Protein chains: 2
Amino acid sequence: MIVTIDRKYGSGGRLIGEKLSKLLGYRFFDRELLKIAAQESGMHEDVVQHFDEKPTGSLLYSTYLYATLPVTDALPLNQKLAFAQFEVIRRVAEEGNCVIVGRCADYVLQERTDCLNVFITATNPVRRQRLIQYYGVPEELTEKTIRKQDKMRAEYYNFFTQRKWGDASNYHICLDAGRLSLDGAAQLLADAVHQLEG
Amino acid sequence: MIVTIDRKYGSGGRLIGEKLSKLLGYRFFDRELLKIAAQESGMHEDVVQHFDEKPTGSLLYSTYLYATLPVTDALPLNQKLAFAQFEVIRRVAEEGNCVIVGRCADYVLQERTDCLNVFITATNPVRRQRLIQYYGVPEELTEKTIRKQDKMRAEYYNFFTQRKWGDASNYHICLDAGRLSLDGAAQLLADAVHQLEG
């Protein structure tokens, strides 16, 4: 089975994914996807790091480019990177059980019937606390950072998928990581995977 | 603990709530709230049935009424009923463990720290199939029925809560009842309640 996990910034979604992969004995992909995609697309990792999960230009602009130029020439760097990641996502899914964090994996793998698509949220106070404690963000910048990062993730997701980031309809399970614990959330997801496997 | 369950039309959310209440040995409230609220507000049950979870007029209009008339005189019947239900929701929550379906219970009880707020979704094909099989809706009317009922629930919820119905941020757990089974979803929710109690 493939578990895809999207997450609000600072919600602990990546950690839940990591814990889940250990509970299940699954491979775990987060930034690794970036590294592989960078290598395969001939871009340098440091450069592409900058563009990871960043929103791209308007759909109108890219439609114009698609229509007027050869695709690979027309695509801005962040779109090239995204498509390279999507290819890697398809391949690692093909290779078997794994947990994949972010990067529209739910959408990229939508034709598969063996996915469990997850979204992790948490309230702003919980996320602000995590930013201060684990990311070293000064308290007065936490609200702005959360707003900005969520906005980028939403734009990235909405652009490529034409869906609405964080709408419960897009996912099989959404969890509030503040109401449950990170371990508790990972355990519930493992239970769900076992249910679907059984 | 109080479990509130909101749900897309035809998703099986009410049945999941009923199964969950049995697994936990909790009281279950759905239409019962309506009956109690009708009795207490002096409205006839048949009349209020018609207004249950129906959208109300614009916020602007009701703000105008609030500002100019005594509240109880100013409120349209569906708002009177909603507020009567909210009172009943607060009281049954006060009385102890229960599962409450719909009627903005998550919002009404937001000050409590012992709630688990749930939203149940399912894809349109799954819901259409349920409508045909269990509600006797002719196939050609299923899509329209789903759209109309979801719209009413969303307007009702958004009006009273000023939140967005179905946005994962509003709930602690959202589940796709088509991807999981109804029994499986109820079991996962029971697991979550046990986690929070433990």
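Q: Describe empty space enclosed by the protein, and please don't skip the residues or the numbers.
A: Residues and elements named next belong to chain B. As enumerated under the stated definition, the model contains four cavities of 30 Å³ or more in all. Taken together, Thr 4, Ile 5, Asp 6, Ile 100, Val 101, Gly 102, Cys 104, Ala 105, Asp 106, Val 118 and Tyr 171 make up the lining of the largest cavity. For the lining of the largest cavity, the secondary-structure elements that each account for two or more residues are strand 1 (2–7), strand 3 (98–101) and helix 7 (105–108). When residues of the lining of the largest cavity are assigned to their parent elements, the largest contribution, three residues, is made by strand 1. Classifying every residue of the lining of the largest cavity by side-chain character gives seven nonpolar, two polar and two charged.

Q: Explain the pattern of salt bridges to me, and be specific about the residues and the numbers.
A: Residues and elements named next belong to chain A. This model, assessed by the stated rule, comprises 27 salt bridges over all chains. Where Arg 112 meets Glu 94, a salt bridge forms, and the shortest distance between an N and an O atom there is 3.2 Å. Placement of Arg 112 in the loop between helix 7 (105–108) and strand 4 (115–121) and of Glu 94 in helix 6 (residues 77–94) is noted, with a sequence separation of 18 residues between them. The class of Glu 94 is exposed, set by a relative accessible area of 60%. Residues participating in the shared-partner salt-bridge network are Arg 14, Glu 18, Asp 30 and Arg 103.

Q: Run through the interface of chain B and chain A, naming residues and quoting values.
A: Facing 29 residues of chain B, the contacting portion of chain A comprises 29 residues. Its largest share of buried area at the contact with chain A, chain B owes to His172(B), Arg179(B) and Gln195(B), together 30% of the area lost on that side. For the pair chain B and chain A, the number of links is zero salt bridges. Contributions of two or more residues to the side of chain B that touches chain A are made by strand 4 (115–121), strand 5 (173–176) and helix 10 (182–197) of chain B. The element contributing the most residues to the side of chain B that touches chain A is helix 10 of chain B, with eight residues. In this structure, strand 5 (residues 173–176) of chain A lies alongside strand 5 of chain B, joined through three bridges in antiparallel fashion. Each residue of the ladder has a partner; that of Leu175(A), found in strand 5 of chain B, is Ile173(B).

Q: Describe in detail helix 1 (residues 13–24) of chain B, supporting the description with residues and values.
A: Residue and element names in this part refer to chain B. Taking 1.5 Å of rise per residue, twelve residues should cover 16 Å, and helix 1 covers 16 Å from first to last C-alpha, within 8% of that figure. Looking only at helix 1, the buried set comprises Gly 13, Ile 16, Gly 17, Leu 20, Ser 21 and Leu 24. End-on, the buried residues of helix 1 take up no more than an arc of 135 degrees, which puts them together on one face. Here the buried face of helix 1 lies against strand 1, strand 2 (27–29), strand 3, strand 4 and helix 10.

Q: Outline the relation of the copies chain B and chain A, listing residues and values.
A: Taken as rigid bodies, chain B and chain A are interconverted by a rotation of 180 degrees and an axial shift of 0.0 Å, the fit giving an RMSD of 0.0 Å. Such a turn and shift between the copies fits a two-fold axis. When the interface residues of chain B are mapped onto chain A, 100% of them again lie at the interface, so the same face is used by both copies.

Q: Residues and numbers for the packing of aromatic side chains, please.
A: If you walk through the whole model with that rule in mind, you get 18 aromatic pairs over all chains. Between Tyr9(A) and Tyr135(A), the aromatic rings sit 5.7 Å apart at their centres with planes inclined by 85 degrees, giving edge-to-face as the arrangement. Here Tyr9(A) is found in the loop between strand 1 (2–7) and helix 1 (13–24), whereas its partner Tyr135(A) is found in the loop between helix 8 (124–134) and helix 9 (139–161), with 126 residues between them in sequence. We classify Tyr135(A) as partly exposed; its relative accessible area is 39%. Ring centres 5.3 Å apart and planes at 90 degrees place the aromatic pair Phe86(B) and Phe160(B) in the edge-to-face group. With Phe86(B) in helix 6 (residues 77–94) and Phe160(B) in helix 9 (residues 139–161), this residue pair connects regions lying 74 residues apart in the sequence. Just as Phe86(B) is buried, Phe160(B) falls in that class too. Among the aromatic side chains, those forming a connected cluster through ring pairs are Phe83(A), Phe86(A), Tyr156(A), Phe159(A) and Phe160(A).

Q: Would you mind going over the state of the cysteines in detail, with residue names and values included?
A: Residues and elements named next belong to chain A. Applying the stated criterion across every chain, the model contains zero disulfides over all chains. There is no disulfide at Cys 115, and the cysteine sulfur nearest it, in Cys 98, is 8.3 Å away. On the accessibility criterion, Cys 115 (4% relative accessible area) is buried.

What counts, and at which threshold
Residues numbered from 1 in each chain as written. Chains lettered and ligands numbered in written order. Predicted model: local features only at pLDDT ≥ 70, side-chain atom pairs only at ≥ 80, totals over all residues. Heavy atoms only, no water. 1 Å grid on protein atoms, 1.4 Å probe; cavity = no way out; pocket = protein on both sides within 12 Å on 5 of 7 lines; lining within 4 Å. Points joined across faces, edges and corners; volume = space filled by probe spheres on them. Helix = DSSP H or I, 4+ residues; strand = E, 2+ residues; numbered from the N terminus. Nonpolar A, V, L, I, M, F, W, Y, C, P; charged D, E, K, R; others polar. Salt bridge = Lys/Arg side-chain N within 4 Å of Asp/Glu carboxyl O. Buried < 20%, exposed > 50% of the residue type's maximum accessible area, 1.4 Å probe, protein only. Contact = heavy atoms within 4.5 Å. Buried area = accessible area lost by both parts, 1.4 Å probe. Pairing = 2+ DSSP bridges. Expected span 1.5 Å × (residues − 1). Arc of directions from axis to C-beta. Least-squares fit on C-alpha atoms with pLDDT ≥ 70 in both. Phe/Tyr/Trp six-rings, centres within 6.5 Å; stacked < 30°, edge-to-face > 60°. Disulfide = S-S within 2.5 Å.

Don't take any of this as a statement about function, it's just geometry.
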